[in-house]
Every structure is written in C-alpha cells, then in structure tokens.
Amino acid sequence: MLTLTAMRTQIGIIGAGPAGLFLSHLLARIGIECVILEHRSREEIEGTIRAGVLEDWVTHLMDELGLAERLKREGRPDTGVTFQFSNRRHHIDFIELTGKQITVYAQHEVIKDLVAARLHSGGPIVFSISDVALKGIDSETPAIAYRDSGGAAQELRCDFIVGCDGFHGPSRQAIPPDKRVEHDMVYPFGWLGILAEAPRSWHELIYSNHERGFALLSTRSPQVQRIYIQCDPHDDIAVWPDDRIWAEMQARFAFDGWKLAEGRIFQKNIVGLRSFVCDTMRYGRLFLAGDAAHIVPPTGAKGMNLAVADVVFLSRALDAWYKKGNRDGLERYPETCLRRVWKAERFSWYMTTMLHRNDAESSFERQIHLADLDHVVSSRAAATALAEVYVGLPIDP
Ligand code: FAD
Ligand code: DHB
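Residue numbers run consecutively from 1 along every chain, following the written order of its sequence. Note on labels: chains are lettered from A, ligands numbered from 1, in written order. Note on the predicted model: pLDDT of at least 70 is required for a residue's local features to be given, and 80 or more for side-chain atom pairs to be given and counted; whole-chain, interface and lining totals, by contrast, use all residues. Side-chain descriptors were evaluated using all non-hydrogen atoms of the structure, hydrogens and water having been removed beforehand.

Caption draft 1: Region of interest: the overall build of the chain. Along the chain, the regular secondary structure elements total 12 helices and 21 strands. Referenced to the eigenvectors of the C-alpha coordinate spread, the extents of the chain come out at roughly 70 × 45 × 40 Å. Looking at the chain as a whole, 55% of its 397 residues qualify as buried. By the convention used here, residues are in contact when the closest approach between their heavy atoms is within 4.5 Å. When contacts within the chain are restricted to residue pairs at least 6 apart in sequence, long-range pairs at least 24 apart make up 73% of them. Comment: elements are numbered from the N terminus, with helices defined as DSSP H or I runs of at least four residues and strands as E runs of at least two. Exposed residues in this analysis have more than 50% of their type's maximum accessible area, buried residues have under 20%, and partly exposed residues fall in between, with area computed by a 1.4 Å probe over protein chains only.

Rendered as structure tokens:
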C-alpha cells in the first residue's frame, strides 16, 4: 500500500518563480509560514533566461528585504532608454521626467538571490516535485497533493493556496472554467533573444522600430549583451544561424557612425507574444499571482514586475487576515491587482503595437505608429506618460 505523508503550513505556494519567491520573503517578514512546491530543479530555475528590467520600487523592495547586495554590485541602474526610428535616436530621460530609474539585472540572478536567502533562513522550498493537484479550494481545508523527487505521494495542507506556477501551471485550471473570466490576445510576432559575449555598444537600452521589424538592445554585464529581434513566432531556431542573426541586428540598429559590437552567441531562443488576463484571481481559498493570472508581451518589461506587485498586495491582505481577522483585503485582492494589471496590459500592448512591424497593417497604420513615436520623443507630456509606467507606477495606494 502507498503511504501518504502529510505536512501542514499556513500558505502553500505552487511555483518558485519571482511571484512565489517574493511572496515567501514577504510572508517571512510578517511572521506567516509558507512552503514552496516547485516542479523543476534548483539548477533549472536558476538557469532559465528571461527578464532583465526591474522597476524602481522592486529594487527598493529587494533592498528592504535584505536581498539587494549583489543587485547593487552587479545590476546596471539606467536613467532612461533610447527610442530609434526613421534613422534617428532619442533619449527618454526617466530621472528628469519622473525622478526614478530602472535597474537592468537578469531575472535568473534575482531567482538565485531569493532562493539562496530563503534556504539560508530555513524556509522550505521543495524542488523537483510532480503530479500537483489542488484539493478542496472551495472548502476551509485546502491541500496540495504531489509526488516528491523520489516519487512518493505527499500532501501539503494549508489555510490558503497561492498559484504562482506561471501561464502553463495547474492552478488557474483548478478554477472551474464556467467560473473563470479570461481575456486573450495572441500577436503575430515572436522574439528571438540571444546572449552574446560582446562589449556594450550603447549606454542604455535601445528600442528600435525598423521596417524589417522590431529590435531591442539590452545588457547583462560589461562582457555579456542581451539582444532581441522580432521574428515569426513559428520560426524554428534552426532557420536563424548566428550570421543571419547578426546581419539582421546590424540592419535594425543601423545608425550613422555607429556599429553594434558582435561576439560569440551562447544562448538563443524564440518566444511568442501574447496578452492574457484571468480576472478570476481568487476562487475560494485559491489565489493566483503573476503569470498564472496574466501575461503581457515583453515589450516594456512589465511581466516580472507585475508578478511582484501581485504578491505585495496579497501579503498585505494576508497580514490583515492573520493579525486582525479582517477579510476585506483578501476579498478585494483581484480588484486591487487588476487595476495595476490592466494598466500594464495597456502599456505592453501599446509598446508592442507601436514598435513592431505588422504586415497585416496598412501603410496608414504604420504611419500612425511613427507619429506616435514622434509625439513621445517631442512632447514632454507624452514622454512623461510613457516614462511613469516604464519606471513603475506607485505600489502604495
Ligand atoms: P514564472 O517565472 O513562470 O514561474 C512559475 C514557476 O512555477 C516556474 O518556476 C515553474 O517551473 C513553476 N511551475 C509550473 N508548473 C508547476 C507545477 N505543476 N508544479 C510546481 N511548479 C510549477 N518581465 C519583466 O518584468 N521585465 C522584463 O524585462 C521582462 N522581459 C522578458 C523577456 C522575455 C523574453 C520573456 C519571455 C519574459 C520577460 N518578462 C519580463 C516576463 C517575466 O519573465 C515573467 O512575467 C515572470 O517570469 C513571471 O513570474 P512568475 O513567478 O509569475 O512565473
Ligand atoms: C529586457 C527585456 C524586455 O522585455 C525589455 O522590454 C527590456 C529589456 C531584457 O531582458 O533585458
């Protein structure tokens, strides 16, 4: 007969991405217990290459939580970004417009810092689990059934379950489909992202609108650069040999008297772009946070920041529940998050449509996007509107 081992905690978290890990640190700070269940290994989550830009308040939050030691040393504070179009480059000065900046620091470095600190303080993260099933989410006694890395059946009983398991995880699917309200939009664009051993070519990020397609120049360190180009979302990476990638990048960033520095490409992959929101961020004793509840296209760098915002709101609501028995925050959790989520959705959709080449659009629509860019770089009001969302809207009410 199979034996089942049961464990108990206050908050059962599924997924050790930015949402789950930040939540565990925020809860530890206010004395609430949690366990994170993660289906990949520590090496895998620490090696997955994704985001790079932290909003101003996220950097401050990491500092407050005692997690910013390496970020301060290795992250690059950026005081603005460059928009390139029609053979021109324009600097948008975040400091001048908003008093705030962003920090370029890779998501997997954030993950490494949060995992190390959590494990160091004895906080449980259970890696390499499988067969996760959410039980009793509409009862007072929810639980997460799973198999541990050795294949043994386990159960984590808790007061609340938080689904931080990304877009493809099981948590959102545990909400009955007839109770879920969802909004979805898939773009006809993909991003081919590379990491290359090369020196920095420009002092800040460049977002380039080019007739051959969008391109984005970012960085990881003085020796490693992160660059993205728009491609067909269905492309096999095999149709993109390195010399084709560099030729395309040189074309899309071409600028008089300047050349993109090239080097050895050591990582490349393609992702599709989509916008998605599940308004039903709470169902009974299940809460969804981060990509489990919403996806933005990466143009504008909002996804990870939004995941952190969700769990800040959730930790405040859980604090009020455990310390004062006040359920209001928990009940209003979806409404509180969604106000920020929809603004980020709008911004990411706007940046994506303004900067990408869409062959389904008419020449009229293409000219409108160029006029929009021209407005952003020539009007202080338009630049400020863009900058205040880029650096991060305020997290406090
Ligand atoms: P995830 O990071 O997806 O984490 C979910 C975790 O749950 C994973 O570790 C997964 O293994 C685990 N999991 C899944 N299923 C299960 C299961 N069954 N059981 C247990 N665990 C499970 N955002 C920004 O803010 N700034 C940027 O600059 C930026 N750039 C991006 C560039 C690219 C190319 C891409 C693809 C994304 C970018 N993003 C950016 C978005 C950002 O990476 C995501 O929004 C962020 O990872 C969401 O965090 P999360 O914790 O919600 O989900
Ligand atoms: C990066 C990713 C983004 O989506 C973005 O808008 C800016 C920078 C990055 O990975 O560095």
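Caption draft 2: View of the site of ligand 2. Any residue with a non-hydrogen atom lying within 4 Å of a molecule or strand is treated as near it. Close to ligand 2 lie 15 residues; Tyr207, Ser218, Arg220, Tyr228 and Pro298 are nearest. Residues adjacent in sequence count toward polar contacts only when both atoms are side-chain atoms; beyond that, a polar contact is any pair of N or O atoms within 3.5 Å, and within protein one must be able to donate a hydrogen and the other to accept it. Tyr207 places a polar side-chain atom, nitrogen or oxygen, 2.6 Å from an oxygen atom of ligand 2. Between ligand 2 and the protein, one listed contact pairs an oxygen atom with a backbone N or O atom of Ala301 at 3.3 Å. Against a free-state accessible area of 290 Å², the protein chains account for coverage of 97% of ligand 2. The set of elements that each furnish at least two residues to the shell around ligand 2 consists of strand 16 (215-219) and strand 17 (224-231). Under the scheme applied, nonpolar residues are Ala, Val, Leu, Ile, Met, Phe, Trp, Tyr, Cys and Pro; charged residues are Asp, Glu, Lys and Arg; polar residues are all the others, including Gly. Counted by class, the shell around ligand 2 contains nine nonpolar, three polar and three charged residues. Areas reported here follow the Shrake-Rupley algorithm with a probe of radius 1.4 Å; residue values treat only the protein chains shown as occluding.

Caption draft 3: The sheet that holds strand 8 (residues 102-104), seen in detail. Across the sheet, three strands lie side by side as 4-8-5; this open sheet has antiparallel pairing. The open sheet has two edge strands with one neighbour each: strand 4 (53-54) and strand 5 (76-78). When DSSP finds two or more bridges between two strands, those strands count as paired. Where strand 5 meets strand 8, three bridges bridge the pair, whose relative direction is antiparallel. Of the residues in strand 8, the one forming a bridge with Arg76 is Val104.

Caption draft 4: View of the nonpolar core. Only buried residues count toward a nonpolar core, which is a set of Ala, Val, Leu, Ile, Met, Phe, Trp, Tyr and Cys residues joined through side-chain atoms within 4.5 Å. In this structure, Ile11, Phe22 and Met62 are the most contacted members of the largest nonpolar core, which totals 75 residues. Broken down by element, this core gets its largest block of residues, 11 residues, from helix 8 (residues 303-324). If you look at the next biggest cluster of nonpolar residues, it comprises 33 residues, including Trp191, Tyr207, Tyr350 and Tyr390.

Caption draft 5: Quick look at the packing of helix 10 (residues 333-355) against helix 12 (residues 380-390). Only the stretch in contact is used when fitting a helix axis, every axis being a line fitted to C-alpha atoms; angles between N-to-C directions are given from 0 to 180 degrees. The contact between helix 10 and helix 12 brings their axes to 11 Å, and the two run at 120°. In terms of orientation, helix 10 lies oblique with respect to helix 12. For the pair helix 10 and helix 12, the crossing hand works out as left-handed. Along the contact surface, helix 10 presents Arg346, Phe347, Tyr350, Met351 and Met354, while helix 12 presents Leu386, Val389 and Tyr390. Relative orientations are named as follows: roughly parallel for angles under 35 degrees, roughly antiparallel for angles over 145 degrees, roughly perpendicular for angles from 65 to 115 degrees, and oblique for any other angle. It is the rotation of the near helix from the far one that decides the hand of a crossing: anticlockwise by less than a right angle makes it left-handed, clockwise makes it right-handed.

Caption draft 6: Region of interest: the pattern of salt bridges. Here a salt bridge means any side-chain nitrogen of Lys or Arg lying within 4 Å of a carboxyl oxygen belonging to Asp or Glu. Overall, the coordinates contain 33 salt bridges when judged by the stated rule. Each of Glu69, Arg70, Arg73, Glu74, Glu109, Lys112 and Asp113 takes part in a single network of salt bridges with overlapping partners.

Caption draft 7: Seen up close, the site of ligand 1. Surrounding ligand 1, one finds 32 residues, the nearest of these being Glu38, Arg40, Gln107, Asp291 and Met304. Taking Glu38, its side chain carries an N or O atom lying 2.6 Å from an oxygen atom of ligand 1. A distance of 3.1 Å is found between an oxygen atom of ligand 1 and a backbone nitrogen or oxygen belonging to Val53. In isolation ligand 1 exposes 1000 Å². Once the protein is present, 89% of that is buried. Mapped by element, the contributors of at least two residues to the shell around ligand 1 are helix 1 (18-29) and helix 8. Per element, the largest residue contribution to the shell around ligand 1 is four residues, and it comes from helix 8. Tallied by class, the residues present in the shell around ligand 1 amount to 16 nonpolar, 10 polar and six charged.

Caption draft 8: The sheet that holds strand 6 (residues 80-85), seen in detail. Spatially, the eight strands line up as an open sheet ordered 7-6-15-16-17-14-18-21, and their pairing is mixed. Across the chains shown, the open sheet's two edge strands, defined by having one partner strand only, are strand 7 (88-93) and strand 21 (294-295). The sheet contact formed by strand 6 and strand 7 spans six bridges and is antiparallel. Its bridge partner being in strand 7, Gly80 is matched across the sheet by Asp93. Running over the sheet, helix 11 (residues 363-378) touches strand 6 and strand 7 and is turned about 140° from strand 6.

Caption draft 9: Local environment of helix 7 (residues 242-253). Look at helix 7: 16 Å from first C-alpha to last across 12 residues, which is about the 16 Å you get at 1.5 Å a residue. Along helix 7, the residues classified as buried are Ile245, Trp246, Glu248, Met249, Gln250, Arg252 and Phe253. Take the residue count of a helix, subtract one, and multiply by 1.5 Å to get its expected span.

Caption draft 10: Spatial organisation of the environment of Thr103. Here Thr103 lies in strand 8. Using a relative accessible area of 7% as the deciding quantity, one classes Thr103 as buried. Note: C-alpha distance between Thr103 and Glu74 (29 residues apart in sequence) is 9.9 Å. Excluding anything up to four places from it in sequence, Thr103 contacts Gly52, Val53, Leu54, Thr59, Leu71, Gly75, Arg76 and Pro77. Of the polar contacts made by the side chain of Thr103, one reaches the side chain of Thr59; its length is 3.4 Å.

Caption draft 11: Structural view of the pairing of strand 6. Counting buried positions along strand 6 gives six out of six residues, so the element sits mostly inside the fold. Of the two faces of strand 6, both are covered, the one formed by Gly80, Thr82 and Gln84 as well as the one formed by Val81, Phe83 and Phe85. Linkage of strand 6 to strand 7, two consecutive antiparallel strands, is achieved through a turn of two residues, within which Ser86 is found at a positive phi near 50°. With three bridges connecting them, strand 6 and strand 15 (residues 206-208) associate as parallel partners.

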